[in-house]
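Next come the chains, spelled out residue by residue.
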Amino acid sequence: MDDSTTRFTTGEDETANQQERLLPIANVGRIMKQILPQNAKISKEAKETMQECASEFISFVTGEASEKCKKERRKTVNGDDVCWAMGTLGFDDYAPPLKRYLDRYREVEDDRLATPQRNEEEGQPSSSAAEFSSIPKPF
């Protein structure tokens, strides 16, 4: 195999690895559109920039939460760890509402697990997605 083939393969691998760590661009665009006026447009560059920033932010907060778990000899990062990391990293305005959202999510999940599952033949949903979507976002 010559050097050009090696470089090409390595470049493809790096691009594939980077794409795996990024949020799907369509999802990022949908979230961005929710806050903008209906007739607003978003450039590809803006979506890609936000995609990179959001993905980096998630990695940053998760890394801090993971360090806490390592120190405590735990393998699983949970919602409380993420809330703690947000506060530790200086996102003090976001940590308390995120914690309230997490607590409410847990309440809904506990209620869902305590209630017998509805029969799918009746056409009723068997998850808490509809209930949880009605919870106001923390920010």
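Keep in mind that what you see is a predicted model, and the values were worked out from it rather than measured.

**Examining the packing of aromatic side chains**
A ring pair, where both rings are aromatic, is described by two values, the distance of the centres and the angle of the planes.
Thought 1: A full pass over the atoms with the stated rule returns one aromatic pair.
Thought 2: Geometrically, the ring pair formed by F57 and F91 is edge-to-face, given 5.1 Å between the ring centres and 85° between the ring planes. With F57 in helix 3 (residues 44-71) and F91 in the loop between helix 4 (79-88) and helix 5 (95-114), this pair connects stretches of sequence that are 34 residues apart.
Thought 3: With a relative accessible area of 35%, F57 lands in the partly exposed category.
Thought 4: The ring of W84 has K68 lying over it, and the distance from NZ or CZ to the ring centre is 5.6 Å.

**A few points about a nonpolar patch on the surface**
Thought 1: On the surface, a cluster of nonpolar side chains totalling about 270 Å² of accessible area is made up of F57, I58 and F60.
Thought 2: Among the residues examined, I58 registers a relative accessible area of 40% and is labelled partly exposed.

**Examining the pattern of salt bridges**
Thought 1: Counted by the stated rule, this structure contains 12 salt bridges.
Thought 2: K70 is paired through a salt bridge with E67; the nearest N and O atoms lie 3.6 Å apart. Residue K70 and its partner E67 are both found in helix 3; the two are separated by three residues, about one turn of the helix.
Thought 3: Overall, the relative accessible area of 55% leaves K70 in the exposed class.
Thought 4: Note that R106 and D80 form a salt bridge whose closest N and O atoms lie 3.2 Å from each other. Here R106 is found in helix 5, whereas its partner D80 is found in helix 4, with 26 residues between them in sequence.
Thought 5: Residue classification places R106 among the partly exposed positions, given a relative accessible area of 30%.
Thought 6: Residue D80 is classed as partly exposed on the basis of its relative accessible area, which comes to 30%.
Thought 7: Within this structure, K68, E72, R74 and D81 form a network of salt bridges that share partners.

**Thoughts on the side chain of S55**
Thought 1: Within the secondary structure, S55 sits in helix 3.
Thought 2: Once residues lying within four places of it in the same chain are set aside, the contact partners of S55 are R21, L22 and L23.

**Things to note about the nonpolar core**
Thought 1: Counting residues in hydrophobic clusters, the biggest one holds eight residues: V61, A65, C83, A85, M86, A95, L98 and L102.
Thought 2: Listed by contribution, the elements that provide at least two residues to this core are helix 3, helix 4 and helix 5.

**Examining helix 5**
Thought 1: Over its 20 residues, helix 5 runs 28 Å from end to end, which matches the ideal 28 Å to within 8%, given 1.5 Å per residue.
Thought 2: When we look at burial in helix 5, the residues that qualify are A95, P97, L98, Y101, L102, V108 and E109. Along helix 5, the residues classed as buried sweep out an arc of 160° about the axis, all on the same side. Residues of helix 5 that are exposed and point over 90 degrees away from its buried face: R100, D110 and A114.

**Description of the environment of G63**
Thought 1: Relative to the elements of secondary structure, G63 occurs in helix 3.
Thought 2: In this structure the C-alpha to C-alpha distance between G63 and A85, which are 22 residues apart in sequence, comes to 8.6 Å.

**Describing the confidence of the model for the protein**
Thought 1: Of the residues in the protein, 70% have a pLDDT of 70 or more, and the chain-wide mean is 83.
Thought 2: Mean pLDDT across the elements of the protein ranges from a minimum in helix 6 (residues 129-133), with 56, to a maximum in helix 3, with 97.
Thought 3: Note on residues 1-8: pLDDT is under 50 here. Beyond four places in sequence and across chains, it has one contact.

What counts, and where the lines are drawn
- Here the residue numbers are simple positions, counted from 1 along each chain's written sequence.
- Totals for whole chains, interfaces and linings use all residues, but because this is a predicted model, local features are given only for residues with pLDDT of at least 70 and pairs of side-chain atoms are given and counted only at 80 or more.
- Side-chain metrics in this entry use all non-hydrogen atoms of the structure; hydrogen atoms and water are not considered.
- The rule is short: rings of Phe, Tyr and Trp, with Trp giving its six-membered ring, pair when the centres are within 6.5 Å, and they are stacked under 30 degrees, edge-to-face over 60, tilted in between.
- Per the convention used, a helix needs a DSSP run of H or I reaching at least four residues, while a strand needs a run of E reaching at least two, with both numbered from the N terminus.
- Burial classes follow relative accessibility: with a 1.4 Å probe on protein chains only, a residue under 20% of its type's maximum area counts as buried, one over 50% as exposed, and anything between as partly exposed.
- Sitting over a ring, as applied to charges here, requires NZ of Lys or CZ of Arg to be within 6 Å of the ring centre and within 35 degrees of the ring normal.
- Any residue with relative accessible area above 30% and no salt bridge may belong to a patch, with like charges joined within 9 Å and the nonpolar Val, Leu, Ile, Met, Phe, Trp and Tyr side chains within 5 Å.
- Exposure was quantified through the Shrake-Rupley algorithm and a 1.4 Å probe, taking into account, for residues, occlusion by the shown protein chains and nothing else.
- Throughout this description, the term salt bridge denotes a Lys or Arg side-chain nitrogen within 4 Å of a carboxyl oxygen of Asp or Glu.
- Between two residues, a contact is recorded if the distance between any of their heavy atoms is within 4.5 Å.
- Take the buried Ala, Val, Leu, Ile, Met, Phe, Trp, Tyr and Cys residues and link them wherever side-chain atoms come within 4.5 Å; each set so joined is a nonpolar core.
- Helix span is expected to be 1.5 Å times the residue number reduced by one.
- Arc, as used here, means the arc of the directions from the helix axis to the C-beta atoms.
- Values of pLDDT, the confidence the predictor places in each residue, fall between 0 and 100.

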